[in-house]
Every structure is written in structure tokens, then in C-alpha cells.
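Commentary on secondary and tertiary structure
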Amino acid sequence: MSDLPTTPKKTVRRKKAGSTPIPTGPGSTGPTCGHDGNCTTNACAVTYAGPVSRLHDHHMITAARGTTHIWPAAVITSLALLVTGTVAFYSVDAAQDQRTSALQKQAANRADIQKLTEQMNRIERMTTDILKTVKPEPTAEAMLKKMDNRIEDIKNDGATE
């Protein structure tokens, strides 16, 4: 393989941008470059990256055009994250509120049951205290016996007199 003659590479000479002539416009009213658009009198806004330009220039222009979308994409992404986080926070907070309200209802029910139990115990103590102090009403048989005893006493008192 070393026997094969090598063909020398062709040297490519390119013109440097500084040595190219500046195009002149049709009149002195517009920019000196002769392009329509946003060109100023001091600088030309037109950049051509084509077959006569270096490939590096073409990649630079493509990358520059691609980077114009970075900031809007970053802003949109951050807003999307903010909205998603807000929705997630409020949904979790709402679920927490529902759980808290359910626990509060259960606690309220337990507290009501405890109050009712205490009230019933108090009423029971009061009734037992009342029953201890008040004599029970006599039954019908006891009343009849009492009346019979009174009648006999009256008869006995009348017989002795």
C-alpha cells in the first residue's frame, strides 16, 4: 500500500470577509449594502450561508436560529411546572380538608355521645337520690290493710267508750 502514489490534496483558497467589497445601494437614502430590510448604514443584517460560505458559518447560523427558541421554551416550561404544581397542591390540600372535616365530624359525634352519656349518668344519680329520700307509695293491699286496721281501731275505741 505504501507503493501507491498519493494524490496531493487540492488547496482551497477562500476570500476573507474583510477583503470583500461592500455592496452599495441604489441611492444614499437607504443602507449602503443595497438590501431591503433591517440593515443600517453601519452594518448589514443579511448573512448568507450557502454554497460559497464555509460550512462552519452555516452551522453557526443554524445554531443561532435554534437558540432563539430556548428562552420562550424555558418560560413556557416553567409556567407549565408552576400550573401543574399549583393544581397538585390544591388537590392535595382539598383531599386533606375532606379528611380533616371527616375526622372533625367523627370527633364531634364522639363528643356528643360522651355528653349524652354524662347527662344520662347525672339523671340516673338524681333519680336514685330522689328515690332514697321519698317514701315509696304503698300498694293497694297495704292501703286496704291500713284501712282495715283503722276501722278495727275505731270499732275498738267505740266499744270501750
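Analysis parameters
- Residues numbered from 1 in each chain as written.
- Predicted model: local features only at pLDDT ≥ 70, side-chain atom pairs only at ≥ 80, totals over all residues.
- Heavy atoms only, no water.
- Helix = DSSP H or I, 4+ residues; strand = E, 2+ residues; numbered from the N terminus.
- Buried < 20%, exposed > 50% of the residue type's maximum accessible area, 1.4 Å probe, protein only.
- Areas by Shrake-Rupley, 256 points an atom, 1.4 Å probe, with all protein chains shown as cover.
- Patch = residues over 30% accessible without salt bridge, like charges linked within 9 Å, V, L, I, M, F, W, Y side chains within 5 Å.
- Salt bridge = Lys/Arg side-chain N within 4 Å of Asp/Glu carboxyl O.
- Lys, Arg positive; Asp, Glu negative; His and termini not counted.
- Charge placed at Lys NZ, Arg CZ, Asp CG, Glu CD.
- pLDDT = per-residue confidence, 0-100.
- Contact = heavy atoms within 4.5 Å.

**Section: the overall build of the protein chain**
Counting secondary structure elements, the protein chain contains 3 helices and 0 strands. By the burial criterion, 3% of the 161 residues in the protein chain qualify as buried. Total accessible area on the protein chain is roughly 15,600 Å²; 61% of this is exposed by carbon and sulfur atoms.

**Some words on a negative patch on the surface**
Negative charge collects at one region of the surface, where Asp-148, Glu-152, Asp-153 and Asp-157 lie side by side. Within the element layout of this structure, Asp-157 appears in helix H3 (residues 140–160). Take Asp-157: its relative accessible area is 47%, and that puts it in the partly exposed class.

**Regarding the confidence of the model for the protein chain**
Detail in the predicted coordinates should be disregarded across regions flagged by low pLDDT. Residues of the protein chain with pLDDT of at least 70 account for 67%, and the chain-wide mean is 75. Per-element confidence in the protein chain ranges from a low mean pLDDT of 74 for helix H1 (residues 55–67) to a high of 86 for helix H2 (residues 70–133). pLDDT under 50 marks residues 18–28. Its contacts with residues more than four places away, or in other chains, come to 10 contacts.

**Let's talk about a nonpolar patch on the surface**
A cluster of nonpolar side chains, contributed by Val-75, Leu-79 and Leu-82, occupies part of the molecular surface with about 280 Å² of accessible area. For Leu-79, the location among the structural elements is in helix H2. For Leu-79, a relative accessible area of 48% gives the class partly exposed.

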